Amino acid sequence: MKRKACAEVGIKSFDVDLPEQVSEADLVKQVHELNVNPDIHGILVQLPLPRHINEEKVLTEISLEKDVDGFHPLNIGKLSMKGREPLFVPCTPKGCLELLHRSGVSIKGKKAVVVGRSNIVGLPVSMLLLKEDATVTIVHSRTSEPERIIREADIVIAAAGQPMMVKGSWIKPGAAVIDVGTNAVDDPTKKSGYRLVGDVDFEEASKVAGWITPVPGGVGPMTVTMLLQNTLEGAKRKLEQSN
Ligand code: NDP
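Residues numbered from 1 in each chain as written. Predicted model: local features only at pLDDT ≥ 70, side-chain atom pairs only at ≥ 80, totals over all residues. Heavy atoms only, no water.

Asker: Please provide a residue-by-residue account of the site of the ligand, values included.
Answerer: Close to the ligand lie 22 residues, the nearest being Arg117, Ser118, Ser141, Thr182 and Thr223. Within the contact set of the ligand, an oxygen atom lies 2.7 Å away from a side-chain nitrogen or oxygen of Arg117. Surface burial for the ligand is 68%, taken as the share of its 920 Å² of free accessible area covered by protein chains. Its residues assigned to classes, the shell around the ligand shows nine nonpolar, twelve polar and one charged. (Near = heavy atom within 4 Å. Polar contact = N/O pair within 3.5 Å; in protein donor to acceptor, adjacent residues only side chain to side chain. Areas by Shrake-Rupley, 256 points an atom, 1.4 Å probe, with all protein chains shown as cover. Nonpolar A, V, L, I, M, F, W, Y, C, P; charged D, E, K, R; others polar.)

Asker: Requested: an account of the pairing of strand E3 (residues 155–158), with residues and values cited.
Answerer: Residues in a regular strand point their side chains to alternate faces of the sheet. The two faces of E3 match: Ile155 and Ile157 on one face and Val156 and Ala158 on the other face are all buried. Sheet topology note: the strand E1 (residues 111–115)/E3 ladder contains four bridges and is parallel. Counterpart to Val115 in the pairing with E3 is Ala158. Summarising the sheet, E3 and strand E4 (residues 176–179) pair through four bridges and their orientation is parallel. By the bridge assignment for E4, Val156 is matched with Val177. (Buried < 20%, exposed > 50% of the residue type's maximum accessible area, 1.4 Å probe, protein only. Helix = DSSP H or I, 4+ residues; strand = E, 2+ residues; numbered from the N terminus. Pairing = 2+ DSSP bridges.)

Asker: Tell me about helix H5 (residues 91–102), and name the residues and values.
Answerer: Compared with an ideal rise of 1.5 Å per residue, which puts twelve residues at 16 Å, H5 spans 16 Å between its outermost C-alpha atoms and is within 8% of the ideal. For H5, a buried count of ten out of twelve residues is recorded, marking the element as mostly surrounded by other parts of the structure. Along H5, the residues classified as buried are Cys91, Thr92, Pro93, Lys94, Gly95, Cys96, Leu97, Glu98, Leu99 and Leu100. Looking at the buried positions of H5, the neighbouring elements they touch are helix H6 (122–131), E3, E4 and helix H9 (219–242). Immediately beyond the C-terminal end of H5, within one or two residues, lies Gly104, with a positive phi of roughly 75 degrees. (Expected span 1.5 Å × (residues − 1). Contact = heavy atoms within 4.5 Å.)

Asker: Describe the domain arrangement of the protein, naming the residues involved and giving the relevant values.
Answerer: Splitting the protein by domain gives domain 1 (1–63) and domain 2 (91–222). Computed from C-alpha atoms alone, the centre-to-centre distance between domain 1 and domain 2 is 29 Å. (Domains from an automatic or database assignment.)

Asker: I'd like a description of the nonpolar core, backed by residues and values.
Answerer: In this structure, Cys96, Leu100, Leu129, Ile155, Ile157, Ile178 and Val180 are the most contacted members of the largest nonpolar core, which totals 29 residues. For this core, the leading source of residues is H5, giving five residues. Setting aside chain neighbours within four positions, we find Ile178 in contact with Cys96, Leu99, Leu100, Val156, Ile157, Ala158, Thr213 and Val219. Counting 16 residues, the second-largest nonpolar core is a separate cluster that includes Val115, Val139, Ile149 and Trp170. (Core = buried A, V, L, I, M, F, W, Y, C linked by side-chain atoms within 4.5 Å.)

Asker: Quick one: what's the story with the pairing of E1, residue by residue and with numbers?
Answerer: Counting buried positions over the five residues of E1 gives four, a clear majority of the element. Each parallel crossover has a hand, and the one from E1 via H6 to strand E2 (residues 135–139) is right-handed. (Right-handed = clockwise from strand over helix to strand, strands pointing away.)

Asker: I'd like to hear about unusual backbone geometry, residue by residue, with values.
Answerer: That bond from Leu47 to Pro48 is cis: its omega, 0 degrees, falls within 30 degrees of zero. At the junction of Val215 and Pro216, the peptide bond is cis and its omega measures out at -5 degrees in the coordinates. Even without being glycine, Asp133 reaches a positive phi, approximately 70 degrees. Relative to the helices and strands, Asp133 resides in the loop between H6 and E2. Despite not being glycine, Met164 shows a phi value in the positive range, around 50 degrees. With respect to the helices, strands and loops of the structure, Met164 is situated in the loop between E3 and E4. The exposure class assigned to Met164 is partly exposed, which follows from its relative accessible area of 31%.

Asker: Run through the packing of aromatic side chains, naming residues and quoting values.
Answerer: Tallied over the full model, the rule gives zero aromatic pairs. Cation over ring: Arg237 sits above Phe88, and NZ or CZ is 4.8 Å from the ring centre. (Phe/Tyr/Trp six-rings, centres within 6.5 Å; stacked < 30°, edge-to-face > 60°. Lys NZ or Arg CZ within 6 Å of the ring centre and 35° of its normal.)

Put into structure tokens, the structure is as follows:
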């Protein structure tokens, strides 16, 4: 998807495919080579990495100026601090905010509930909502009575990876619902034997919500689009610096 989208907009992209047994040192060496290549404006290390490789170490080695996934600890750190701006914002959270902005959903002073607290979605999207003055509650696997909390939300971002966990009856009428979850469930009627569903029961929730994103076709394409946008921003920044 990422490769196809790059080709469509005229961004050159290429893969460095490494075997699963690659050593951490060799992977880091690859990252360093891409860091110093002036023709490259964005680097992303496709996650998850094999178990023998320390993800944090590898992500820290990506040049901050080329961290188009926004997962460098310094970028995440700045995202979490008042008055600081990261060079790049992670793509899926950025896409969620873009969907809210473009749909005219106001965020300031609203109650937002984020389901999930992962480094790549739940946590950064919570920080973005906080920066835009929402009152944010994070629901995770140890939260008791999630439905009671979600029912109060003006904005729900579901990123738990639990198929159709959020029921229609959990949604406040008129709420904006962004469904990040992408879960494969068995479906013998499909040639592939499965279909993708979100973390929200779309059929039920769409009858109550003011706005709702489908799965597939909602957050997924936005994530890819934000990756292109981050890459373009990185390239522009580089150009401005060299002028
Ligand atoms: P993770 O598995 O890393 O994190 C899931 C989070 O959800 C954890 O914080 C976990 O809590 C929480 N959680 C799990 N079960 C429950 C539950 N029953 N109730 C409340 N919280 C729960 O997943 P990711 O953040 O990487 O991804 C989440 C979903 O989003 C997945 O379906 C993934 O495929 C999808 N995704 C989609 C993208 C897109 O572009 N459309 C991009 C990235 C992800 P705890 O911390 O307590 O374990």
